[in-house]
Amino acid sequence: MLHLITGGSGSGKSAYAEKQVLAAGEGRRIYIATMIPYGEEGRQRVERHRKLRQEKQFETLECYTGLAQADVPPGAVVLLECLSNLVANEVFEPDGARENTVFAVVSGICRMAEQAKHLFVVTNEVFSDGISYDRETMRYLDYLGEVNRQTAAAADRVTEVVYGIPVTVKG
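Residues numbered from 1 in each chain as written. Predicted model: local features only at pLDDT ≥ 70, side-chain atom pairs only at ≥ 80, totals over all residues. Heavy atoms only, no water.

**Q** How should I be thinking about the packing of aromatic side chains in this particular structure?
**A** Here the distance between the centres and the angle between the planes together describe a pair of aromatic rings. Under the definition given, this model contains two aromatic pairs. On the basis of an interplanar angle of 85 degrees and a centroid distance of 6.0 Å, the ring pair of Y31 and F58 is categorised as edge-to-face. With Y31 in strand β2 (residues 29–33) and F58 in strand β3 (residues 58–62), this pair connects stretches of sequence that are 27 residues apart. Classification of F58 by relative accessible area gives buried; the value is 7%. Plain terms: the ring middles of F92 and Y140 are 6.2 Å apart, the flat faces sit at 40 degrees to each other, and that makes the pair tilted. With F92 in helix α3 (residues 83–92) and Y140 in helix α5 (residues 135–154), the pair connects residues that are 48 residues apart, well separated along the chain. Residue classification places Y140 among the buried positions, given a relative accessible area of 13%. (Phe/Tyr/Trp six-rings, centres within 6.5 Å; stacked < 30°, edge-to-face > 60°. Helix = DSSP H or I, 4+ residues; strand = E, 2+ residues; numbered from the N terminus. Buried < 20%, exposed > 50% of the residue type's maximum accessible area, 1.4 Å probe, protein only.)

Next up, the structure:
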């Protein structure tokens, strides 16, 4: 089962996603972390989140690029957080997929969905601010939008979290 969870910054989407993982039943809980911890503040944030997840019996798998090469145990309950970081890494990191970002990320999600019993994918809604961006940022946003669309099309469920309230969009 593939469940895409979206929402704006601070919407509660991550907390909702973790609750869904906990409610999914038995199986190893794998957290796929996609944020590269730049600087001391980033490292502290990652460590704080890792401690919080450990109490919920998550195993952390760091995957900044190349999701299709990541392996999870068959039957695991997986939380991938988040697509916006993963897409940014694929676009901007030296070892990223660059112009092949959409294919790299979507094929990775499809492979992960085949391996896992349940796959919960968190993404950000970043398209409503009405701001014009430079060409590189627009390319990133275009890729993220396409990844979100293709993931939503493949998903069994899509939920948007608005002010902490989950709204079912699909499934």
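**Q** Looking at this structure, how should I read the sheet that holds β2?
**A** Strands belonging to one sheet form pairs held by backbone hydrogen bonds; the direction of such a pair is parallel or antiparallel. Strand order in the open sheet formed by seven strands is β3-β2-β4-β5-β1-β6-β7, and the pairing between neighbours is mixed. For this open sheet the edge positions go to β3 and β7 (165–170), each flanked by a neighbour on one side alone. Direction aside, the axes of adjacent strands within the sheet are offset by 20 degrees on average. The sheet contact formed by strand β1 (residues 2–7) and strand β6 (residues 157–162) spans five bridges and is parallel. Note that in β6 the partner of H3 across the bridge is R157. Here helix α4 (residues 101–115) sits on the sheet and contacts β1, β2, β4 (77–81) and β5 (118–124); the angle it forms with β5, its principal contact strand, is near 150 degrees. (Pairing = 2+ DSSP bridges. Axes fitted to C-alpha atoms, helices over the stretch in contact; angles between N-to-C directions. Contact = heavy atoms within 4.5 Å.)

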